[in-house]
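# Descriptive analysis of the structure
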Amino acid sequence: MEEAEQPIEENQEQLSNGTFHVPTVAELKAKGEEPELLFWVGCAGAFDDRYQKVTRDFVKILEKVGIKYAVLGTEESCTGDPAKRAGNEFVYQMQAMGNIEVLNGYNIKKIVTACPHCFNIFKNEYPELGGKYEVHHHSTFLQQLINDGRLKVAGGEEFKGKTITFHDSCYLGRGNGIYEAPRKILEALDANLVEMKRNRSKGLCCGAGGAQMFKDAEKGDKEVNIERTGEALETNPSVIATACPFCMTMMTDGVKDKNKEGDTKVMDIAELIVKSNNI
Amino acid sequence: MSKQLIFGLFLFLSLGVFTYTAFRLASFFRLTKKGFKVDRISERITTTLLVAFGQTKILRRPAIGLMHALVYWGFMVITIGSVEMMVDGLAGTERIMGSLGIFYSLITASGDIFAAIIILSCFAFLVRRHIMKVKRFSGVEMSPKSSMDATAALTMILILMFSLIGMNMGYLVNHSDEIVGYYPISSLFTGLVSAESAHLFQETNWWIHIVLIFVFLNILPYSKHFHIIMSIPNVFLTDLKPMTQMNNMASVTKEVKLMMDPNTAFAAPAEDAPPPERFGVKDIEDITWKNYTDSLTCTECGRCTSVCPANITGKLLSPRKIMIDTRKRMNDRGPGLSKDPNFDDGKSLVGDYITTEELWACTTCNACVQECPVNIDPVSIIMDMRRNLVMEESNAPKELVQMFTNIENNGSPWQFSPEDRLKWTEGISLNS
């Protein structure tokens, strides 16, 4: 991230009222430029009403820090992860090869995404098909910005002393060993981080992985997200923090199911940073 | 002399039977498919030292894990003594390693102490199984045979350890003037053995111990306790990828590339092209060699199932059952398939052993892979069975079929227009 130590680029013209334009890679290319960082929004990030807010907040942080980023916009397409996990390797590889063609065509080197499933597939499964990029999940990316002193989060009173519990995404944690970055962010917010009984490598899935997000669950005694939300609520949190769009949906539904929306919010780590620092 | 002969004959027979069984099980590897490449040897050695010898994963449950680790480390030390017993039995010697002096004392003393620890642990294991009835020892896939297997193995280990201590007790009394080695536990009980019976006591226990070792060895391949032999190699052969990484199917890559290349898209397939292989796993001939070693290694401890989100919430899926069924299917079909590549018993792994309902319940969270003390990967075979259901049988839940269509048509698993991908940017501003 050292190479990013430069002032806000002119492509990110912020107006005095704070509004700004989110640049696409195509727009930059038209100006003969390339982004330093591609923000891969993901389908949930682009279309899910709730997760669009996370996307906006993450972009605000990029804007605030002054990184030369861009998105693909209408040229972005599903990574193929849900198809692959549902057994449809054809649809996955068609998507993968199409995306790789676009990304390589734009000479993309560095990608950040707020979706652990997109992150995992870029990091682990695309390289063999010709898509080799430096890939970051927004949790490690944001933590690095804080570490480097480029993003200031201290001083915010919003979450000081409030109980926050972090729900591990399987594709971040067990899958790719990212356990501490999101927790360090929460600690930087001066929050009182309380762990659930099952955490880190022992964390319980929200129930949405492996394409479960897109189908009804099989017959059982209980929904997985209800079980997990129950564990989260045992910590009496003001906030259940997540770092994955699917976890966000599942935990939010769980909190609603338990009629706890009044006491407990489900929020992404990027939203917490933005809220506590009025970004 | 006659003792040597009888022992030699016994050793020859039992090793012979074991070799036969081992070859029979190994021959089934020919039926399996290629998997990942076994490289990164130094990383494998580290993994083996940590997970197998260091027992790091079983120690994720510290109390019961420590008991298992002590039994395991005890077995390692006691095995040195068993090798000595075999040499003694064949050569007609007694404690032939005695000349090692202080090292010999160290080996015998640790063996003696470990025997006592193993006895205590085995009693604890029996109590957990039969009195406390720990939940993960039950489940639909747990047959009465499995439970009997466990009880029989624990009983055999108990007899092995009692006879080891008995042998040492007899030896101490029999050779009270010229004792080689050090036996801190056995020496506490020498008062129980009279001088006249000491020789017979020692010999009887020697025979019980050595015969039982070989009986146990020959039972192992037919029981879930085969992990005693399989776990070290299985850990060495771990797929070292990140847990959530799924392989890219090379056969699909080839076809997709052909489809995307305008020059070949409409070309007729080459005459001499080999018939396309089956996608995914339907039956036992479709699994990889690693799926097979995984199935042989599973000791049915159930740690996987006890952390499976689907199982915890009452769904049919149990990762342990997937491994048990895989091994069972190879046992049922392997012999016929070895003789005749077209052998068909009218059944298949998916459908007759494992139901689609189980397969569709997996969230690919990899908690089972994380917890398995011997690095078995139930998720990879579950995913390969899904691949078969979808790509060969077109048998997927209808919501997933809709999801595939959405991705193909809109580039998103949901029914949204790709034109709307930037809607979230509308009116975006800082400090709002």
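Residues numbered from 1 in each chain as written. Chains lettered and ligands numbered in written order. Predicted model: local features only at pLDDT ≥ 70, side-chain atom pairs only at ≥ 80, totals over all residues.

Looking only at helices and strands, chain B features 17 helices and zero strands. Projected onto its principal axes, the C-alpha positions of chain B cover 95 × 65 × 40 Å. Counting all 432 residues of chain B, 37% fall into the buried class. Nonlocal contacts in chain B, meaning residues at least 24 apart in sequence, comprise 76% of its contacts between residues at least 6 apart. (Helix = DSSP H or I, 4+ residues; strand = E, 2+ residues; numbered from the N terminus. Buried ≥ 20, exposed ≤ 12 C-beta atoms within 10 Å, placed from the backbone. Contact = placed C-beta atoms within 7 Å.)

With that out of the way, let us pick up the overall build of chain A. A count of helices and strands for chain A gives twelve helices and eight strands. What you see for chain A is a C-alpha radius of gyration of 19 Å, in line with the 19 Å of a compact globule of 279 residues. Overall size of chain A, expressed as C-alpha extent along the three principal axes, is 55 × 50 × 30 Å. Here chain A, with 279 residues, has 58% of them falling under the buried criterion. Once local pairs closer than 6 in sequence are excluded, the contacts in chain A between residues at least 24 apart make up 77%. (Rg over C-alpha atoms; globule rule 2.2 N^0.38 Å.)

All names here are of chain A. Taken together, four strands build an open sheet; the order of strands is β2-β1-β3-β4 and the sheet is parallel. At either margin of the open sheet sits one strand with a lone partner, and together these are β2 (69–70) and β4 (134–137). Here three bridges tie strand β1 (residues 37–40) to strand β3 (residues 110–113), and the two strands are oriented parallel to one another. When the bridges of β3 are listed, Leu38 appears paired with Ile111. Seen against the sheet, helix α6 (residues 116–125) touches β1, β3 and β4 and runs at an angle of roughly 160° to β4. (Pairing = 2+ DSSP bridges. Axes fitted to C-alpha atoms, helices over the stretch in contact; angles between N-to-C directions.)

Moving on: the interface of chain A and chain B. Listed as interface residues are 66 residues of chain A and, on the opposing side, 57 residues of chain B. When residues of the side of chain A that touches chain B are traced back to their parent elements, those giving at least two are α2 (43–47), α3 (49–65), α4 (81–85), α5 (89–105), α6, α8 (173–176) and α10 (224–233) of chain A. Classifying every residue of the side of chain A that touches chain B by side-chain character gives 23 nonpolar, 24 polar and 19 charged. (Nonpolar A, V, L, I, M, F, W, Y, C, P; charged D, E, K, R; others polar.)

This paragraph deals with the domain arrangement of chain A. All names here are of chain A. We note that the domain assignment places domain 1 (2–143) and domain 2 (153–277) within chain A. Taking the mean C-alpha position of each, domain 1 and domain 2 sit 23 Å from one another. Each partner contributes residues to the interface: domain 1 has 27 residues there, and domain 2 has 26 residues. At the level of secondary structure, the elements contributing two or more residues to the side of domain 1 that touches domain 2 comprise α2, α3, α4, α6 and α7 (138–147). (Domains from an automatic or database assignment.)

Residues and elements named next belong to chain A. In space, the four strands of this open sheet follow the order β6-β5-β7-β8, with parallel pairing throughout. Among the strands making up the open sheet, the edge pair consists of β6 (192–193) and β8 (265–268). Sheet topology note: the strand β5 (residues 163–166)/β6 ladder contains two bridges and is parallel. Pairing of Ile164 across the sheet is with Leu193, part of β6. Its contacts with the sheet put helix α9 (residues 180–188) on β5, β6 and β7 (239–242), and the angle it makes with β5 is roughly 170°.

A separate point is the domain arrangement of chain B. All names here are of chain B. As far as domains go, chain B holds domain 1 (2–236) and domain 2 (250–266 + 278–410). When each unit is reduced to the centre of its C-alpha atoms, the spacing between domain 1 and domain 2 is 35 Å. Of the residues lining the interface, 28 residues belong to domain 1; the matching set on domain 2 comes to 31 residues. Elements supplying a minimum of two residues to the side of domain 1 that touches domain 2: α1 (2–27) and α7 (227–236). Sort the elements by how many residues they give to the side of domain 1 that touches domain 2 and α7 lands first, with six residues. Classifying every residue of the side of domain 1 that touches domain 2 by side-chain character gives twelve nonpolar, nine polar and seven charged.

Residues and elements named next belong to chain B. It is the contact of α1 with helix α3 (residues 62–91), at a shortest axis distance of 7 Å, that shows an interaxial angle of 130°. Comparing their axes, α3 and α1 come out oblique. Along the contact surface, α1 presents Gln4, Phe7, Gly8 and Leu11, while α3 presents Met86, Gly89 and Leu90. (Parallel < 35°, antiparallel > 145°, perpendicular 65-115°, else oblique.)

Now for the environment of A:Pro245. Residue and element names in this part refer to chain A. By the element assignment, Pro245 lies in helix α11 (residues 245–257). Overall, Pro245 belongs to the buried group, with 28 C-beta atoms counted inside 10 Å. In this structure the C-alpha to C-alpha distance between Pro245 and Phe58, which are 187 residues apart in sequence, comes to 13 Å. Those residues within four positions of Pro245 in sequence are excluded, and the remaining contacts are Gly42, Ala44, Gly45, Asp48, Tyr51 and Cys115.

On to helix α2 (residues 41–53) of chain B, then. All names here are of chain B. Taken together, the buried positions of α2 are occupied by Thr48, Val51 and Ala52. In this fold, the buried residues of α2 make contact with α7. In the stretch just after α2, Gln55 is the one whose phi turns positive, near 60°.

This part takes up unusual backbone geometry. A positive phi angle, near 60°, is found at A:Asn107, a position not held by glycine. By secondary structure assignment, the location of A:Asn107 is in the loop between α5 and β3. Under the C-beta neighbour-count criterion, A:Asn107 is labelled exposed, with 10 such atoms within 10 Å. The backbone of B:Asn375 sits at a positive phi, close to 55°, despite the residue not being glycine.

Okay, the nonpolar core next. Across soluble globular proteins, nonpolar side chains have a tendency to be buried as a group. Formed by 143 residues in total, the largest nonpolar core has its most connected members in A:Phe39, A:Ile61, A:Leu142, A:Ala241, A:Met251, A:Ala270 and A:Ile273. Ranked by residues supplied to this core, first place goes to helix α16 (residues 378–391) of chain B with eight residues. The residues touching A:Ile273, leaving out its near neighbours within four places in the chain, are A:Ile61, A:Leu142, A:Val153 and A:Ile185. B:Ile119, B:Cys122, B:Val193 and B:Trp206 belong to the second largest nonpolar core, which has 23 residues in total. (Core = buried A, V, L, I, M, F, W, Y, C linked by C-beta atoms within 7 Å.)

Moving on, we come to α7(B). All names here are of chain B. For α7, the set of buried residues is His227, Met230, Ser231, Asn234 and Val235. Take α7 and look down its axis: the buried residues cluster within an arc of 125°, on one side only. Lining the buried residues of α7 we find α2 and α9 (289–297). (Arc of directions from axis to C-beta.)

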